[in-house]
Amino acid sequence: MTAFRSVAVIGAGAWGTALATVAARAGRSVMLWARNADHAARIASTRDNPRLPGVRLAPDILVTSDLAEASRAEMLLIATPAQHLRGVVNIVATHATAAVPIIACAKGVEHGTHRFMTEIIAEAAPHAIPAILSGPSFADDVARGLPTAVTLAAKDEALASALVQALGSATFRPYHTTDVRGVEIGGAAKNVLAIAVGISVGRKLGASAQAALTTRGFAELSRLGRALGARSETLTGLSGLGDLILTCSSPQSRNFALGLALGRGEPRPAGKLAEGESTAPVLIELAASQNVEMPVSEAVASILSGRSTIDAAISGLLTRPFKAEE
Ligand SMILES: NC(=O)C1=CN([C@@H]2O[C@H](COP(=O)(O)OP(=O)(O)OC[C@H]3O[C@@H](n4cnc5c(N)ncnc54)[C@H](OP(=O)(O)O)[C@@H]3O)[C@@H](O)[C@H]2O)C=CC1
Ligand SMILES: O=C(CO)COP(=O)(O)O
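Residues numbered from 1 in each chain as written. Chains lettered and ligands numbered in written order. Predicted model: local features only at pLDDT ≥ 70, side-chain atom pairs only at ≥ 80, totals over all residues. Heavy atoms only, no water.

**Re the overall build of the protein chain**
Within the protein chain one finds 15 helices and eight strands. Across its three principal axes, the protein chain shows a C-alpha extent of roughly 55 × 40 × 35 Å. Among the 326 residues that make up the protein chain, the fraction classed as buried is 55%. A sequence separation of at least 24 residues applies to 70% of the contacts in the protein chain between residues at least 6 apart. Total accessible area on the protein chain stands at roughly 13,800 Å², and carbon and sulfur atoms take up 55% of it. Charge centroids of the protein chain, computed over 30 positive and 27 negative side chains, lie 4 Å from each other. (Helix = DSSP H or I, 4+ residues; strand = E, 2+ residues; numbered from the N terminus. Buried < 20%, exposed > 50% of the residue type's maximum accessible area, 1.4 Å probe, protein only. Contact = heavy atoms within 4.5 Å. Areas by Shrake-Rupley, 256 points an atom, 1.4 Å probe, with all protein chains shown as cover. Lys, Arg positive; Asp, Glu negative; His and termini not counted. Charge placed at Lys NZ, Arg CZ, Asp CG, Glu CD.)

Put into structure tokens, the structure is as follows:
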């Protein structure tokens, strides 16, 4: 199996920048692609990306706006927002070498198609090998070299293990698995649930409610996961419960921070991508198609769409019939 000497990170937001840093630390030759040429030139000369302030890019990371050039790397990490992954992979596919691993690093589900990230890669780049990287890891922590552990999934175990070897280092510890769908479900669902928990904290409902919502959120994430064939160890692992704990407990999470602002009745944080917002309606549609109940996620979807006020949604959760815990 190839040693994956060269890595391209597609998408120079906070996460893409952190991942470029990770790959360089792991000894790869790294190219970071930004869609805007001026943005790419500015990052290349200042070694600083305003999307991840305070982090200095290693001198050997090349920054480009040439997607054809970036697509020729031996391993590709796609770190654009989930709803833009298909558009980028459509172009990447016309330049990439056959059987190149394309690792989705976004967390979400595509609008309209209900496709998970690796399904989009399989459709848009049929000769590539799709994989997914997810887990509890804030870009800022990762880029600063604080200890983090994540999950990397690919259908082929030997490949998943090789990708982990190529990206891992003392402070960035990927675990590998073949449960691709399980990893995707955890990352997509936790963002929506973090908005719910942020709302409850913003409304000052207390630490007990925060724990209850996080736990009942995990119950619904797990129900959907089981319905879609995820393994239980994935759901309770880093990319499931692990990421849920992180994002439901820290205002560093943009999804939690969005919920906090909504709960407090404050303006939403400007310029901060909260993927749970675009995932919520798709997640609900997906759950309905599987006859899976996701009341916490439904409450978030109805608040975000304006179908319900925060207080009505909370009261809806509090007046649900009592039931057995599962
Ligand atoms: N931040 C984090 O801690 C983590 C984020 N993630 C996930 O990574 C994904 C990206 O998040 P993050 O990097 O934080 O977000 P940011 O908002 O920081 O960056 C998004 C990046 O995507 C680019 N982009 C936006 N639209 C397009 C498009 N149509 N085509 C190509 N590129 C586009 C933006 O370009 P431009 O700058 O030109 O607008 C920007 O570089 C999300 O799915 C998120 O859930 C996962 C783990 C951790
Ligand atoms: O996915 C993340 C941490 O694992 C980042 O969370 P936010 O997108 O909510 O900031």
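After that view of the structure, there is still more to cover.
**Focus on the site of ligand 2**
Lys 107, Gly 135, Pro 136, Ser 137, Phe 138, Lys 190, Asp 243, Leu 246, Thr 247, Ser 253, Arg 254 and Asn 255 make up every residue found near ligand 2. Within the backbone of Ser 137, one N or O atom sits 3.0 Å away from an oxygen atom of ligand 2. For ligand 2, an oxygen atom lies 2.8 Å from a polar atom in the side chain of Lys 190. For ligand 2, whose accessible area on its own is 300 Å², the fraction buried by protein is 93%. At the level of elements, α11 (238-247) and α12 (254-264) are the ones that each hand at least two residues to the shell around ligand 2. Counting residues per element, the shell around ligand 2 draws most heavily on α11, at three residues. By residue class, the composition of the shell around ligand 2 is three nonpolar, five polar and four charged. (Near = heavy atom within 4 Å. Polar contact = N/O pair within 3.5 Å; in protein donor to acceptor, adjacent residues only side chain to side chain. Nonpolar A, V, L, I, M, F, W, Y, C, P; charged D, E, K, R; others polar.)

**What to know about the packing of helix α9 (residues 207-227) against helix α14 (residues 295-304)**
Closest axis-to-axis distance for the α9/α14 pair is 8 Å, and the angle between their directions is 100°. Between α9 and α14, the interaxial angle falls into the category roughly perpendicular. Seen from α9, the contacting residues are Leu 213, Glu 220 and Arg 223; seen from α14, they are Pro 295, Val 296 and Ser 297. Partitioning the contact of α9 with α14 into residue classes produces three nonpolar, one polar and two charged. (Axes fitted to C-alpha atoms, helices over the stretch in contact; angles between N-to-C directions. Parallel < 35°, antiparallel > 145°, perpendicular 65-115°, else oblique.)

**Concerning the pattern of salt bridges**
If you walk through the whole model with that rule in mind, you get 16 salt bridges. Put simply, Glu 326 and Arg 223 hold a salt bridge, and the shortest N to O gap is 2.5 Å. With Glu 326 in the segment after α15 (310-318) and Arg 223 in helix α9, this pair connects stretches of sequence that are 103 residues apart. The class for Glu 326 is partly exposed, based on a relative accessible area of 45%. Among the residues examined, Arg 223 registers a relative accessible area of 15% and is labelled buried. (Salt bridge = Lys/Arg side-chain N within 4 Å of Asp/Glu carboxyl O.)

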